[in-house]
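Notes for the structure review
As a plain string of letters, each chain reads:
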Amino acid sequence: MSFRIGRRRFVMSFPMVCLMTAAVLLDTTQSVILCFTAALMHELGHLAALRYYGSVPTEIRLTLFDVAITDTDKHIRSTKAQLIIVLAGVTVNFVSAAVCLLLYRLTDQELLWLFFTAHLTLGLFNSLPIESLDGGEALMLLLEHRFSPRTAQCLLTVLSLLLLLPLACAGFWLLLLCPCNFSLLLTSLYLLTALKRHGSSR
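Residues numbered from 1 in each chain as written. Predicted model: local features only at pLDDT ≥ 70, side-chain atom pairs only at ≥ 80, totals over all residues. Heavy atoms only, no water.

**Description of the side chain of Asn93**
Under the convention used in this document: Think of it this way: any DSSP run of H or I at least four residues long counts as a helix, any run of E at least two long counts as a strand, and we number them from the N terminus. Throughout this description, a polar contact denotes any pair of N or O atoms lying within 3.5 Å of each other; where both atoms belong to protein, one of them has to be capable of donating a hydrogen while the other can accept it, and for residues adjacent in sequence the pair is counted only when both atoms sit in side chains. Contacts are assigned to residue pairs with any non-hydrogen atoms lying within 4.5 Å of each other.
With respect to the helices, strands and loops of the structure, Asn93 is situated in helix H3 (residues 79-107). A distance of 3.4 Å separates a polar side-chain atom of Asn93 from the backbone oxygen of Ala38. In this structure the side chain of Asn93 is engaged in a polar contact, spanning 2.7 Å, whose partner is the side chain of His42. Those residues in contact with Asn93 that lie beyond four places of it in its chain are Ala38, His42, His119, Leu122 and Gly123.

**Focus: helix H5 (residues 134-146)**
In plain terms, the rule: Any helix carries an expected span of 1.5 Å times its number of residues minus one. When a residue's accessible area, from a 1.4 Å probe over protein chains only, is under 20% of the maximum for its type it is buried; when over 50% it is exposed; and in between it is partly exposed.
Its 13 residues place the ends of H5 19 Å apart at the C-alpha level, agreeing with the 18 Å of an ideal helix rising 1.5 Å per residue. Among all positions in H5, only Asp134, Gly135, Gly136, Ala138, Met140, Leu141 and Leu143 are buried.

**What to know about the side chain of Ser55**
Topologically, Ser55 is positioned in the loop between helix H2 (31-52) and strand S3 (59-62). A distance of 2.8 Å separates a polar atom in the side chain of Ser55 from a polar atom in the side chain of Arg77. Excluding anything up to four places from it in sequence, Ser55 contacts Leu50, Asp71, Asp73 and Arg77.

**Some remarks on the environment of Ala152**
Within the secondary structure, Ala152 is located in helix H6 (residues 149-177). Since its relative accessible area comes to 0%, Ala152 is described here as buried. Residues Ala152 and Met140, spaced 12 residues apart in sequence, show a C-alpha to C-alpha distance of 6.5 Å.

Next up, the structure:
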């Protein structure tokens, strides 16, 4: 499924469309909708930073596990500017989490606690120094300042594997304890697959 808004082309995978439809129809607690909203705010943080630096992404692709923003200007920006863009999403999540926590303490509304949890979880997860995540991209930018691109890529790949393998094991253990909770395992396997795909393309 694809559509255009101005100069931007949006592409949504079929599983993503199915998941969003199911969430709207079946999510009685509104927790899934709040997670989607937190993820949307995360990506809007990246887009706002891109706009600040005068860049307009040509394509935004939404899949079940990630959002890929086509940024053709990233190789001509300074490292500082690129770091700000990469970390804008998690910054939005952490600031929003702090605001939600403050409002929850004042009002004791359960939805605010769920929204706080969604923002905090998303921010912490994307901050992990794993390739394909914001934390990994930020670390890659810093490593390239001290090492050659090839060495920096090798270091990031090794660190990503050291973090992803325990996460995948934890996801498998969680699946054994609660057969319906497979999100961590699927996400870990997806990131491992993306890591392998990226390595084979080099």
